[in-house]
Number of protein chains: 2
Amino acid sequence: MNETVAMGMAGLTDIESLSGSLAQRVYQSLREAILSLALPPGTVLKKGALCEQLGVSRSPVSEAIARLSQEGLVDVIPQSATRVSSFSMEEIREACFLREALETTAVEKVARQRTEEQLTQLSRNVRLQRLLVEDGDFSGFYTADEEFHELIMEFTGFPGVSLVAGNVSLQLKRARMLLLPEEGRPAGAVKEHQRVLDAIRAGDPAAAQAAMKAHLRQLIPRLEPLERLHPEYFRSR
Amino acid sequence: MNETVAMGMAGLTDIESLSGSLAQRVYQSLREAILSLALPPGTVLKKGALCEQLGVSRSPVSEAIARLSQEGLVDVIPQSATRVSSFSMEEIREACFLREALETTAVEKVARQRTEEQLTQLSRNVRLQRLLVEDGDFSGFYTADEEFHELIMEFTGFPGVSLVAGNVSLQLKRARMLLLPEEGRPAGAVKEHQRVLDAIRAGDPAAAQAAMKAHLRQLIPRLEPLERLHPEYFRSR
DNA sequence: GCGCACCAACTAACATGTTAGTTGACACAT
DNA sequence: ATGTGTCAACTAACATGTTAGTTGGTGCGC
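A. Spatial organisation of the pairing of strand E2 (residues 81-84) of chain A. All names here are of chain A. Bridge count for strand E1 (residues 74-77) against E2 is 4 bridges, and the pairing is antiparallel. Its bridge partner lying in E2, Asp 75 is registered against Arg 83. In sequence, E1 turns back onto E2 through a hairpin of 3 residues, with Gln 79 there showing a positive phi of about 60 degrees.

Next comes the structure, spelled out in structure tokens:
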């Protein structure tokens, strides 16, 4: 009757538009839906239903769910059901700790071995951030922000660093979706990024590490209130 | 004819002796065999053959292989074959970097929040290490060594830290199997552990971090020569 | 009304059948 | 002899059938 039926019960991106094996596409589709909260915590995922909606058989769906389970995005209750995992503040704190470990160590290394080209890229990114904030383009700023951190990790010369960081920060990424844009926060973040960049340019590893730590530490206090603002997404686990 | 046939082509631990779902058991069996080099890099894993040897169907084997693939222990060539992944010195360096990031940050935190109980456990562990080295029990020392690092990560209060560290250090763990016990190295390691412990006890985060870093940095130079000592395990990737 | 055993419906887990892509060998043309 | 096209054999990937464990409800005993 309405398009909700046509597209299935939830906003899964059509796997036609993705590349790779079927299992890979199903995984990406589910992952994106979970991270964007289109599939909120607690949602039950039924293999049968997913197969129908995506037009595939259970094999690729099973593989996708297995991966999501390993990454902690879904909880599989053996022989019974599988649901999108709930937030847990403790897990979020843990993710912050892990992210801090990776990024501070990364920036420390980058500050020691930076090249002119890298400084240029980082500088360009930070200036872009400033522009986007001035224009009030918060979505664009969010992307540029992520790119800033991504760049630093890439510049370590170890491609796996950002991959691991991404996996470890999955819960963080999801929780950030609940954050409302806070007055003056983006501008503050840009300043902090600038300090990180300055320290990298100065070739001061300790300062870069400290600046990055100071920046990342801003996140937890902003996430803490979520537990009582959105209790329906939390608990258990 | 001989027992090699009876147990299959390779030293896979019988899944009967493990717990959990079939897929889980198959995964553990394969993982152990790969990490212990019973299945050396380059070995081709055929689903059909594995099913026969383990006495299960292809479903759990597929799931196990998918997990191993995600962890980088096997390379799957689509529609063609899957083989145990080769070492790459670059990956090993990367793993060292990641491990250093996690463990130095962990020890820094632990030095700040240590309890008497934790100091007791660490002290007991280090004294045990000394005993084992004196007795020449290198295998026992290896276990105690791993436990020391494990303890520190646990003491952060974040159970996921040691899990992540374990995952990123898989290649390291495998590469260490190729290391021959080096004269005086265990004794040196004990001394370094002692320094880490001293700094933790003193409540000196910076010193603890530095001591841990100094300790972990010993590993790479010992691993570097492996590339030419065992070229058959390296390359590609 | 209330607890407990039983049962039916549903689910993930496992087994097996089918498809399609890759690889290497062999015949053939050059 | 050598490069090339064809093809058969083999593999992972996908689809589907089967099993076994969980869950919630229903009726029976109390």
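Now that the structure has been shown, the text picks up again.
B. Quick peek at the environment of Leu 122 of chain A. All names here are of chain A. As for its position among the elements, Leu 122 is in helix H6 (residues 116-135). For Leu 122, a relative accessible area of 0% gives the class buried. Considered as a pair, Leu 122 and Leu 229 are 107 residues apart in the sequence and their alpha carbons are 35 Å apart. Sequence-distant contacts of Leu 122, that is, excluding residues within four places in its chain, are made with Phe 148, Leu 151, Ile 152, Phe 155, Leu 197 and Ile 200.

C. Spatial organisation of the pattern of salt bridges. Under the criterion given, the structure shown has 19 salt bridges over all chains. Note that Glu 90 of chain A and Arg 93 of chain A form a salt bridge whose closest N and O atoms lie 3.2 Å from each other. Highlighted residues: Glu 90 of chain A and Arg 93 of chain A, both in helix H5 (residues 89-113), separated by 3 residues, approximately one helical turn. The residue Asp 145 of chain B makes a salt bridge to Arg 176 of chain B at a minimum N-O spacing of 3.8 Å. Of this pair, Asp 145 of chain B sits in helix H7 (residues 138-154) while Arg 176 of chain B sits in helix H9 (residues 170-176), placing them 31 residues apart in sequence. According to the relative accessible area criterion, Asp 145 of chain B is buried, its value standing at 7%.

D. Quick look at the protein's contact with DNA strand C. For DNA strand C, the set of nearby residues contains 19 residues, the closest of which are Ser 80 of chain A together with Leu 22, Ser 57, Arg 58 and Ser 59 of chain B. Taken together, the sugar and phosphate atoms account for 66% of what DNA strand C places within 4 Å of the protein. Interatomic distance of 3.2 Å between a side-chain N/O atom of Gln 79 of chain A and a base nitrogen of DNA strand C. Take Ser 80 of chain A: an N or O atom from its main chain is 3.2 Å from a sugar or linking oxygen of DNA strand C. If you list the elements that add at least two residues to the surface near DNA strand C, you get E2 of chain A together with helix H2 (22-35) and helix H4 (58-70) of chain B. Sort the elements by how many residues they give to the surface near DNA strand C and H4 of chain B lands first, with 3 residues. By residue class, the composition of the surface near DNA strand C is 8 nonpolar, 8 polar and 3 charged.

E. Just the relation of the copies chain B and chain A, in detail. Placing chain B over chain A gives an RMSD of 0.1 Å and needs a rotation angle of 180 degrees, together with 0.0 Å of translation along the axis. Taken together, the rotation and translation describe the operation of a two-fold axis. Judged by C-alpha distance, Ala 101 of chain B is the residue of chain B that lies nearest the rotation axis, at 2.8 Å. In this assembly, 100% of the residues forming the interface of chain B have copies in chain A that are likewise at the interface, indicating an isologous arrangement.

F. Broad picture of empty space enclosed by the protein. Throughout the structure, instances matching the rule amount to 2 cavities of 30 Å³ or more. Empty space within the largest cavity amounts to approximately 60 Å³. As for the largest cavity, its lining consists of Cys 96, Arg 99, Glu 100, Leu 172, Leu 216, Arg 217, Leu 219 and Ile 220 of chain B. It is helix H5 (residues 89-113) of chain B that contributes the most residues to the lining of the largest cavity, 3 residues altogether. Per-class residue counts for the lining of the largest cavity are 5 nonpolar, no polar and 3 charged. Looking at the second largest cavity, its volume works out to about 50 Å³. Taken together, Cys 96, Arg 99, Glu 100, Leu 216, Leu 219 and Ile 220 of chain A form the lining of the second largest cavity. Mapped by element, the contributors of at least two residues to the lining of the second largest cavity are H5 and helix H12 (219-223) of chain A. With 3 residues, H5 of chain A is the single largest residue contributor to the lining of the second largest cavity. Among the residues making up the lining of the second largest cavity, the classes are represented as 4 nonpolar, no polar and 2 charged.

G. Geometry of the packing of H6 of chain A against helix H10 (residues 185-202) of chain A. Residue and element names in this part refer to chain A. For the pair H6 and H10, the least separation of the axes is 10 Å and the interaxial angle reads 165 degrees. Between H6 and H10, the angle is such that the two are roughly antiparallel. In this structure, H6 meets H10 at a crossing whose hand is left-handed. Of H10, the residues touching H6 (which contributes Leu 119, Leu 122, Ser 123, Val 126, Gln 129, Arg 130 and Val 133) are Pro 186, Ala 187, Val 190, His 193, Gln 194, Leu 197, Ile 200 and Arg 201. Its residues assigned to classes, the contact of H6 with H10 comprises 9 nonpolar, 4 polar and 2 charged.

H. Quick peek at the interface of chain B and chain A. The interface is formed by 26 residues belonging to chain B together with 26 residues belonging to chain A. Both sides of the chain B and chain A interface together cover about 2,000 Å² of buried area, and 66% of this is carbon and sulfur. In this structure, the connection of chain B to chain A is made through 2 salt bridges. For the pair chain B and chain A, the number of links is 2 residue pairs in polar contact (both at pLDDT 80 or more).

I. Representation of the protein's contact with DNA strand D. What surrounds DNA strand D is a group of 19 residues, the closest being Leu 22, Ser 57, Arg 58 and Ser 59 of chain A together with Ser 80 of chain B. Each atom of DNA strand D within 4 Å of the protein was assigned to sugar, phosphate or base; sugar and phosphate come to 65%. Residue Arg 58 of chain A places a side-chain N or O atom 2.5 Å away from a base oxygen belonging to DNA strand D. Taken together, the elements giving at least two residues each to the surface near DNA strand D come down to helix H2 (22-35) and helix H4 (58-70) of chain A together with strand E2 (81-84) of chain B. Considered class by class, the residues forming the surface near DNA strand D number 8 nonpolar, 8 polar and 3 charged.

J. Local environment of unusual backbone geometry. Its identity as a non-glycine residue notwithstanding, Gln 79 of chain A has a phi of 60 degrees, on the positive side. Tracing the chain through its elements places Gln 79 of chain A in the loop between E1 and E2. Take Gln 79 of chain A: its relative accessible area is 85%, and that puts it in the exposed class. One non-glycine residue with positive phi stands out, namely Leu 37 of chain B, at about 70 degrees. A residue is classified by how much of its surface remains accessible, and Leu 37 of chain B, at 15% relative accessible area, is buried.

Parameters at a glance
- Residues numbered from 1 in each chain as written.
- Chains lettered and ligands numbered in written order.
- Predicted model: local features only at pLDDT ≥ 70, side-chain atom pairs only at ≥ 80, totals over all residues.
- Heavy atoms only, no water.
- Pairing = 2+ DSSP bridges.
- Helix = DSSP H or I, 4+ residues; strand = E, 2+ residues; numbered from the N terminus.
- Buried < 20%, exposed > 50% of the residue type's maximum accessible area, 1.4 Å probe, protein only.
- Contact = heavy atoms within 4.5 Å.
- Salt bridge = Lys/Arg side-chain N within 4 Å of Asp/Glu carboxyl O.
- Near = heavy atom within 4 Å.
- Polar contact = N/O pair within 3.5 Å; in protein donor to acceptor, adjacent residues only side chain to side chain.
- Nonpolar A, V, L, I, M, F, W, Y, C, P; charged D, E, K, R; others polar.
- Least-squares fit on C-alpha atoms with pLDDT ≥ 70 in both.
- 1 Å grid on protein atoms, 1.4 Å probe; cavity = no way out; pocket = protein on both sides within 12 Å on 5 of 7 lines; lining within 4 Å.
- Points joined across faces, edges and corners; volume = space filled by probe spheres on them.
- Axes fitted to C-alpha atoms, helices over the stretch in contact; angles between N-to-C directions.
- Parallel < 35°, antiparallel > 145°, perpendicular 65-115°, else oblique.
- Left-handed = near helix turned anticlockwise from the far one by under 90°.
- Buried area = accessible area lost by both parts, 1.4 Å probe.

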